[in-house]
Amino acid sequence: MLALLRPSARAAIALASIASGIVAPRVAAQVPQVPPGQQLPTPDQARDALQNQPELVERLRRRLLESGLTPDQVRSRLRASGYPETLLDEYLLGADTTRAVQPGPRTLEAVRSLGILSPQEADSMALQDSALAISDSLQQVMDSIRFVRADSARADSLADSLAVLRGQGLKLFGLETFRRTSTRFQPVQSGPVDENYQLGPGDVLVLILTGDVEEVYTLNVTREGFVVIPQVGQVYVANLTMGQLEDQLYARLRRVYSGVRRGPRATTKFQISLARLRNIQVFVVGDVVRPGAYQVSGAGTVLTALYAAGGPTANGSFRKVEVRRADKLVSTIDIYDYLLHGINASDVRLQNGDVVFVPVHSGFVKVAGEVTRPAVYEVLPQETLRELLEFAGGFGPAAYQTRVRIHRILPPESRDAAARARVVVDVGPEQMAGGTVPAVPMAAGDSVTVLSIADRLRGYVTVRGNVWVEGQVGFKPGMKLSEAIRLAGGPKPDVYLDRILVSRTNEDSTRVQLRSAFADSSGSVVSDLDLQEEDEIRIFSRSAFLPTRYVTVVGAVQNPGRLPFREGMTMRDLVLLAGGVTEDADLREAEIARRAESEDPGALAKTIRVRLDSTALASGGSDGGPPPLPRSGGAAGVPDLALQPYDNVLIMRQAGWETQRLVYLTGQVKHPGRYALRSKTDRLGDLVQRAGGLTEEAYAGGIQFYRSYRPGLQPADEQLPRLDQQPQPQRDTLPHGFVERVGIDLPKVLKDRDTRDNVILVAGDSIHIPEYNPIIMVQGAVNSPGAVPYNPGKSLDWYVDAAGGYTQLSDNKHAYVTQPNGKRQGVKRRVVFSDDVPKPQPGAIVFVPAKRVQDQPSNVTAVVGTVAQVLTGLITLIIVADQSN
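Residues numbered from 1 in each chain as written. Predicted model: local features only at pLDDT ≥ 70, side-chain atom pairs only at ≥ 80, totals over all residues. Heavy atoms only, no water.

Colleague: I'm lost on the overall build of the chain in this one. Help?
Modeller: Looking only at helices and strands, the chain has 20 helices and 35 strands in total. In the chain, which comprises 885 residues, the share counted as buried stands at 39%. For the chain, the share of sequence-separated contacts (at least 6 apart) that also reach a separation of at least 24 residues comes to 62%. (Helix = DSSP H or I, 4+ residues; strand = E, 2+ residues; numbered from the N terminus. Buried < 20%, exposed > 50% of the residue type's maximum accessible area, 1.4 Å probe, protein only. Contact = heavy atoms within 4.5 Å.)

Colleague: What's the story with the sheet that holds strand 34 (residues 824-826) in this structure? I'm lost.
Modeller: Two modes of strand pairing occur in sheets, parallel and antiparallel, and in both the strands are linked by backbone hydrogen bonds. One open sheet accounts for five strands, arranged 32-31-35-33-34; its pairing is mixed. Of all the strands in the sheet, the pair left with one neighbour each is strand 32 (786-789) and strand 34. If you compare each strand with its neighbour and ignore which way they point, the axes differ by 25 degrees on average. Of the strand pairs in this sheet, strand 31 (residues 775-780) and strand 32 are connected by four bridges, and their pairing is antiparallel. Its bridge partner being in strand 32, Ile776 is matched across the sheet by Val788. (Pairing = 2+ DSSP bridges. Axes fitted to C-alpha atoms, helices over the stretch in contact; angles between N-to-C directions.)

Colleague: Just to check I follow, could you spell out a nonpolar patch on the surface for this structure?
Modeller: Taken together, the side chains of Val863, Val867, Val870, Leu871, Leu874 and Leu877 make up a nonpolar region of the molecular surface, amounting to roughly 540 Å² of accessible area. Tracing the sequence through the fold places Leu871 in helix 20 (residues 860-884). (Patch = residues over 30% accessible without salt bridge, like charges linked within 9 Å, V, L, I, M, F, W, Y side chains within 5 Å. Areas by Shrake-Rupley, 256 points an atom, 1.4 Å probe, with all protein chains shown as cover. Salt bridge = Lys/Arg side-chain N within 4 Å of Asp/Glu carboxyl O.)

Colleague: What is the right way to look at the sheet that holds strand 23 (residues 585-595) in this model?
Modeller: One open sheet accounts for five strands, arranged 22-21-25-23-24; its pairing is mixed. The open sheet has two free edges, formed respectively by strand 22 (561-564) and strand 24 (605-610), since each of these has just one partner strand. Between one strand axis and the next, the sheet turns by 25 degrees as a mean value, whatever way the strands run. Looking at chain direction, strand 23 and strand 25 (residues 648-653) are connected through five bridges and run antiparallel. By the bridge assignment for strand 25, Glu591 is matched with Leu650.

Colleague: Mind showing me how you'd approach the packing of aromatic side chains here?
Modeller: Given two aromatic rings, one states the distance between the centres and the angle between the planes to describe the pair. Taken as a whole, this structure holds 14 aromatic pairs when the rule is applied. Look at Tyr816 and Phe847: their rings are 5.7 Å apart centre to centre, the planes differ by 45 degrees, and that puts the pair in the tilted class. Linking Tyr816 in strand 33 (residues 816-818) with Phe847 in strand 35 (residues 845-848), this pair joins segments that are 31 residues apart in sequence. Both residues of the pair, Tyr816 and Phe847, count as buried. Of note, Arg562 hangs over the ring of Tyr550, and the distance from its end group to the ring centre comes to 3.8 Å. (Phe/Tyr/Trp six-rings, centres within 6.5 Å; stacked < 30°, edge-to-face > 60°. Lys NZ or Arg CZ within 6 Å of the ring centre and 35° of its normal.)

Colleague: Which parts of the structure should I look at to understand unusual backbone geometry?
Modeller: Glycine aside, negative phi is the norm for most residues, and most peptide bonds take the trans geometry. Despite not being glycine, Gln231 shows a phi value in the positive range, around 70 degrees. Notably, Glu534 is not glycine yet its phi reads approximately 70 degrees, a positive angle. Along the chain, the position of Glu534 falls in the loop between strand 19 (511-516) and strand 20 (536-541).

Colleague: Could you clarify how one ought to interpret the environment of Asp334 in this entry?
Modeller: Within the secondary structure layout, Asp334 lies in the loop between strand 9 (328-333) and helix 12 (335-341). Through-space distance from the C-alpha of Asp334 to that of Glu322 is 9.2 Å; in sequence the pair is twelve residues apart. There is a polar contact of 3.1 Å between the side chain of Asp334 and the backbone nitrogen of Tyr336. (Polar contact = N/O pair within 3.5 Å; in protein donor to acceptor, adjacent residues only side chain to side chain.)

Colleague: Sorry, what's going on with the nonpolar core here?
Modeller: Membership of the largest hydrophobic core comes to 54 residues, with the highest contact counts inside it found for Val302, Leu306, Tyr377, Leu385 and Leu388. A per-element tally of this core places helix 11 (residues 302-308) first, with six residues. Phe270, Ile272, Leu274 and Leu277 belong to the second largest nonpolar core, which has 25 residues in total. (Core = buried A, V, L, I, M, F, W, Y, C linked by side-chain atoms within 4.5 Å.)

Colleague: Looking at this structure, how should I read helix 10 (residues 242-254)?
Modeller: In an α-helix, one turn spans 3.6 residues, which is why side chains three or four residues apart end up on the same side. The terminal C-alpha atoms of helix 10 lie 18 Å apart, and with 13 residues this matches the ideal 18 Å at 1.5 Å per residue to within 8%. Within helix 10, burial applies to Met242, Leu245, Leu249, Tyr250, Arg252 and Leu253. (Expected span 1.5 Å × (residues − 1).)

Colleague: Whenever I open this one, the pairing of strand 27 (residues 673-676) confuses me. Can you help?
Modeller: Side-chain direction in a regular strand flips from residue to residue, so the side chains alternate between the two faces of the sheet. In this sheet, strand 27 lies alongside strand 26 (residues 662-667) in antiparallel orientation, the contact comprising four bridges. Looking across to strand 27, one finds that Val663 is bridged to Tyr675. Counting the residues in the hairpin turn of strand 26 and strand 27 gives five residues.

Colleague: Got a minute to help me understand the side chain of Glu378 in this structure?
Modeller: Structurally, Glu378 can be placed in strand 12 (residues 375-378). Here the side chain of Glu378 touches Phe318 through a polar contact of 2.7 Å, landing on its backbone nitrogen.

Colleague: What's the story with the pattern of salt bridges in this structure? I'm lost.
Modeller: For the structure on display, the rule yields 31 salt bridges. Residue Arg753 pairs with Asp686 through a salt bridge whose shortest N-O separation is 3.4 Å. Of the two residues, Arg753 is situated in the loop between helix 18 (746-751) and strand 30 (766-769) and Asp686 in helix 17 (residues 684-690); the sequence distance between them amounts to 67 residues. Using a relative accessible area of 35% as the deciding quantity, one classes Arg753 as partly exposed. Several salt bridges converge on common partners, so that one network encompasses Arg319, Asp334 and Glu383.

Colleague: Before we go on, may I ask you to explain the confidence of the model for the chain in this structure?
Modeller: For residues with low pLDDT, the predicted coordinates do not support detailed interpretation. Scored by pLDDT, the chain comes out at a mean of 79, with 77% of its residues at no less than 70. Segment residues 711-738: pLDDT under 50, and 24 contacts once partners within four positions in sequence are set aside and those in other chains are kept. (pLDDT = per-residue confidence, 0-100.)

Colleague: Help me understand the pairing of strand 28 (residues 704-707), please; the structure alone is not making it clear to me.
Modeller: In this sheet, strand 30 lies alongside strand 28 in antiparallel orientation, the contact comprising three bridges. Counterpart to Phe705 in the pairing with strand 30 is Ile767. The sheet contact formed by strand 28 and strand 29 (residues 740-742) spans three bridges and is antiparallel. Within strand 29, the position partnered with Phe705 by the bridge is Val742.

Colleague: Sorry if this is basic, but what is going on with the environment of Gly701 here?
Modeller: On the secondary structure map, Gly701 appears in the loop between helix 17 and strand 28. Through-space distance from the C-alpha of Gly701 to that of Leu746 is 6.3 Å; in sequence the pair is 45 residues apart. Non-local contacts of Gly701, meaning those with residues more than four positions away in its chain, are made with Pro747, Pro820 and Asn821.

Colleague: Sorry if this is basic, but what is going on with the environment of Phe178 here?
Modeller: Looking at the secondary structure, you find Phe178 in the loop between helix 9 (152-168) and strand 1 (204-211). Accessibility expressed as a relative area gives 0% for Phe178, which makes it buried.

Structure (structure tokens):
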């Protein structure tokens, strides 16, 4: 079935198969990889490429417009041919061109039935399908896939060639020119043509007579090369240019129209123009992307055919494209003239039946390094290094132009006995004299590298430190220290005058330290040293030697933390810099912990209790403003205390001042919601009572009690997940924001308020009372995990059996039940007495863990053997002792 599809469709389907992993490895190995920087398309993208064909849609619309048929005539002909009359509405005049159209094989058949497409042109359109609208990487892969089944040797060769180029990391020059959809073109089908265009069968001419006679004739060139002009007769036009045809028409029209003549005395004038160009069929074969027959315009050239066929492959030649007509070689085209210089002089106009043949390349040479256009270029046998560097655009600005390195593979006859086939050829300064690249012959497989100049920077000195513009400044012989400092903007006002350090590197890479000093802050130097290249000048600031002194404020302030100390800083200044006090601040007094200045090594600090000015700290100032906020015990008009470096100031908080503590009660209670605790001893039973009690649908045994943990209050055994581990599924689903579930026996709490399950509530607790749930979830290492209906009185083992039983990896000794109230009960296996197996309640979760794989082999056998030996020895001693008695 794949063989019946169009070649490009087979390519896209093969690509989709490879991307999906369903193609045999042998076939997939023949497909070249996508070059670096590009991605292999997904199967969906490959299928979309078969459907989205914008250029084919545009071509169909143009042909229907040029046919002269009205939309009603098109619909009537479709109806007469057995097609739906609306099949081509998307391609007719007035259709919405912004909508995506997906032409199919039936569309081309319908257009062909209208008589406006020849069979050859329909086949050509079928070939130029979705491959035109896909990316370069997809196009390159599809080009090679197309003939995998028909010619695997050719596909292997193409894959090897692309693999070599991909390994070098350089693109083959000119390959992308024919791959890009934006560069694809079709020659004009109407309008003026150049003076060398030769008429032929299929062309449509327009003859306009003006003056004594006013006539317009549309003239179709027949298969025999004639046009028929009314009252004039047949005129042979085949192989004539427009100029030659005009000369012939002067002679023929004068016989009928006496006013036709050359010059201003003519009373009847005519104009002949080309209304529509004919289509010709050409054949593109050889190492091209899509070899085959193509319908191109009569004005088409070799480049037209190459663009239609996707251009040469990585194995094809860009330098020797041949045009064959019958059994003769008409011309050989060098595409590099077009690619490098935009010169199209050698492009040959094609004729019907011409063959464009792309042979195998003549050899590739890689050009890398400091050139304008590094790439892989095809070279002809007579070309040299000079032409090759011209292909690459010449030297780059950082090129070392006195040396070029060539890696060469020697031919077999030039290799020595040690079979060393690779050599390095250096083109040195003596050959590059005068800046002229020598004509060194190039060979296929050469790798040319243009080296770069050294990265080392010279001609500078560096000025760092307390200057306005740090960095490198240009060096010149005889430069003084003061001049370098001046070029760096000069010293800042707080410059340290007593020392300037100059670090110098000697020729043997040792470093010498020189020094000088400033005479004053203007930048004048006491000892103006002579600088050398690459000297490093260091200028210091007085503030750099000062200690970083600070004070710290903590407690009831908006932004507690460490602040820089300033001389004269007071308590009020510090509180203002910290954003002011908070609502719970106790302004009666604050504590200052000051660094101890005693000789006692055990003394760390001394504390000072000071009273605060509540008016200034709470209201924002004593002069004007709103009335002061009430604070317990605050005093007004208290003197502002000056601080000392490293003081630690604690603003006290009011005892017992805090916001409401909120808990959440949801589910089957009469008044669910968010409740504030009335005291620090409120319990679960009190909260349920405040909510009006439980509803009739409530399942008290399934209470879900969650407690959140703030930082510092997390359980000691809580293990944080590692970042390199995948998160494990939770056995008990917790609400977002809560980290731990607590098991509570709510029915017991409702009966007895003194039970230990009637816990004291804290802020952030969340309680949910569910409805009755008659399902037991069985999870973990069982054969068929899932839900099992609740069966009263049945144990954990019964529910595991209902879920398919234990697996080979089940650890049945450590299975447990999470009861609906959150409490967990484990299995206790006993050797002598009966097992203690819990009984799940409605809504419980049964979990069976998997056995841990032992890192070390079991030593039970060795222990048993040792015990047996000891027992044997004891028995022997007893027998010997009995016999001796």
